[in-house]
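# Notes for the structure review
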Amino acid sequence: MGGSNAAAETPTARLELTTIADAKLPTKVLYTVRPAEGNDETAQLFDRILDGGTTTKATRPPLPEQQHIAYQDGVYDLAYEVIEETPATRYSVKVDIVTGSVTEAEAIQFADLPEVDQEEFAAHGLADGDPIGIGTTFLYTDAEREQSVLVPESEYSYIIWDDGTEAEWVIDDAYDTTLNTYRYTADQVATAAEYGQQMRERFTFELAELPETQREIVETAITDGPYVVGPDETPSDALVALADRFRGHEQAHGLDEEGEGDLSGTYLVRYQGDVYWTTLVVQHNAFQTTSAS
């Protein structure tokens, strides 16, 4: 039945309104780095950048450039330059479960592996032998490859950890790449609250003087959760007319981006004095006509 607050797999329409503080708006539309929790390399990198710039090594930029990024209480613009390029090889490997018996002559203790090999295992959370039975990629520079006993062609088929864990070592493929050294710098665009205020001032439009049928839809979406029209239902004239009120209004997005033209999307709506983060999803074939209901 139209107006249910239950989710549908592919609804004909869905309207959701949630109050939101200005400081929370940037995380709704921007690439967001979450504060470090444990071994969160991205957040740790961002902290180092904000401390005055830093370098990091990767085959591709670990953070986007020339777009606004939200982090904690601020919005930032990052820039980087590549200051060094190092030839490297990426190997597709399996650290697999041993299904038969380990051939001792083909096995090596993890503690006996060269440091470069142990570091690659550690970088993937495999230094203690758990978990195994996974496929992943290991990256070696040309210099590191010369020190390895596992690549390019492994001298061993099995690895054994101190606790007795055993794994089969398999190389599936390899391809050349470049390990770049990136130097990052950051400029603060605004505080999160300031950025959200600019978003609110730019994108908010008001739903006012609504007929009772449209007002009931909005208040149901606010009070009871998403207003959903199921996939086998026909939207009411009131909902079609309400959706028409969104046409021509700019969707909420990053202030450095272009707005989307589709009717379905996210908006900032003022209703009875409060600003709501609003999600409108409609099936186009059901919303082609305008009604005055």
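See above for the structure.
### Side note on the pattern of salt bridges
All told, the structure shown has 7 salt bridges when counted by the stated rule. We note a salt bridge from Asp142 to Arg145, for which the minimum N-O separation is 3.6 Å. Here Asp142 and its partner Arg145 are both found in helix 4 (residues 142–147), 3 residues apart, which amounts to about one turn of the helix. Note on Arg145: relative accessible area 23%, which makes it partly exposed. Between Asp244 and Arg247 there is a salt bridge whose closest N-O contact spans 2.5 Å. The buried category is assigned to Asp244, whose relative accessible area is 13%. Accessibility expressed as a relative area gives 40% for Arg247, which makes it partly exposed.

### With respect to the environment of Glu155
Position of Glu155 among the secondary structure elements: in the loop between helix 4 and strand 8 (158–160). Glu155 sits 81 residues away from Ser236 along the chain, and the two C-alpha atoms are 70 Å apart.

### Quick notes on the sheet that holds strand 13 (residues 274–282)
Note: strands within a sheet are paired through backbone hydrogen bonds, in either parallel or antiparallel orientation. Pairing is mixed in the open sheet, where 5 strands are placed in the order 10-12-13-1-11. Only two strands of the sheet have a single partner each, and these edge strands are strand 10 (205–206) and strand 11 (227–229). For strand 1 (residues 13–19) and strand 11, the ladder comprises 3 bridges, and the chain directions are antiparallel. Bridge assignment links Arg14 to a residue of strand 11, and that residue is Val228.

### Some thoughts on the pairing of strand 1
The pairing of strand 1 with strand 13 spans 7 bridges and is antiparallel. The partner of Ala13 across the bridge, within strand 13, is Val282.

### Quick look at the environment of Gln283
Its location among the elements puts Gln283 in the segment after strand 13. Ignoring sequence-local partners within four residues, the contact set of Gln283 consists of Thr10, Pro11 and Thr12.

### With respect to the pairing of strand 5 (residues 74–96)
Of the strand pairs in this sheet, strand 4 (residues 68–71) and strand 5 are connected by 4 bridges, and their pairing is antiparallel. The residue of strand 5 that forms the bridge with His68 is Asp77. Remark: 2 residues form the turn of the hairpin made by strand 4 and strand 5, two consecutive strands paired antiparallel; Gln72 in that turn has positive phi of roughly 50°. Bridging between strand 5 and strand 9 (residues 166–191) involves 22 bridges; their strand directions are antiparallel. Looking at strand 9, one finds that Lys94 is bridged to Val170. In this structure, strand 5 lies alongside strand 7 (residues 134–141), joined through 8 bridges in antiparallel fashion. Bridge pairing in strand 7 places Lys94 opposite Gly135.

### Examining the side chain of Thr12
Position of Thr12 among the secondary structure elements: in the segment before strand 1. What makes Thr12 buried here is its relative accessible area of 7%. At a separation of 2.8 Å, a polar atom in the side chain of Thr12 contacts the main-chain carbonyl oxygen of Gly230. Engagement of the side chain of Thr12 in a polar contact is seen with the backbone oxygen of Glu233, the distance being 3.3 Å.

### Considering unusual backbone geometry
Here the amide bond leading from Val151 into Pro152 is cis, since omega sits at 0°, within 30 degrees of zero. If you trace the backbone, Pro152 turns up in the loop between helix 4 and strand 8. If you check the backbone angles, Gln66 has positive phi at about 60° while not being a glycine. Looking at where Gln66 falls in the secondary structure, it is placed in the loop between strand 3 (54–58) and strand 4. For Glu209, which is not glycine, the phi dihedral falls at a positive 55°. Note that Glu209 resides in the loop between strand 10 and helix 6 (212–223).

### A look at helix 6
Taking 1.5 Å per residue as the helical rise, helix 6 with its 12 residues ought to reach 16 Å, and the 16 Å between its terminal C-alpha atoms agrees with that figure. If you check which residues of helix 6 are buried, you get Gln214, Ile217, Val218 and Ala221. The arc that holds every buried residue of helix 6, seen down its axis, measures 90°, which confines them to one face. Pointing more than 90 degrees away from the buried face of helix 6 are the exposed residues Glu212 and Thr223.

### Section: the environment of Met199
Inspection of the secondary structure assignment puts Met199 in helix 5 (residues 192–203). The exposure class of Met199 is buried, given its relative accessible area of 0%. Between the C-alpha atom of Met199 and that of Ala36, which follows or precedes it by 163 residues, the distance is 27 Å. Ignoring any residue separated from it by four or fewer positions in sequence, one finds Met199 in contact with Leu25, Pro26, Val29, Thr204, Ala252, His253, Leu255 and Leu268.

What counts, and at which threshold
Residues numbered from 1 in each chain as written. Predicted model: local features only at pLDDT ≥ 70, side-chain atom pairs only at ≥ 80, totals over all residues. Heavy atoms only, no water. Salt bridge = Lys/Arg side-chain N within 4 Å of Asp/Glu carboxyl O. Helix = DSSP H or I, 4+ residues; strand = E, 2+ residues; numbered from the N terminus. Buried < 20%, exposed > 50% of the residue type's maximum accessible area, 1.4 Å probe, protein only. Pairing = 2+ DSSP bridges. Contact = heavy atoms within 4.5 Å. Polar contact = N/O pair within 3.5 Å; in protein donor to acceptor, adjacent residues only side chain to side chain. Expected span 1.5 Å × (residues − 1). Arc of directions from axis to C-beta.

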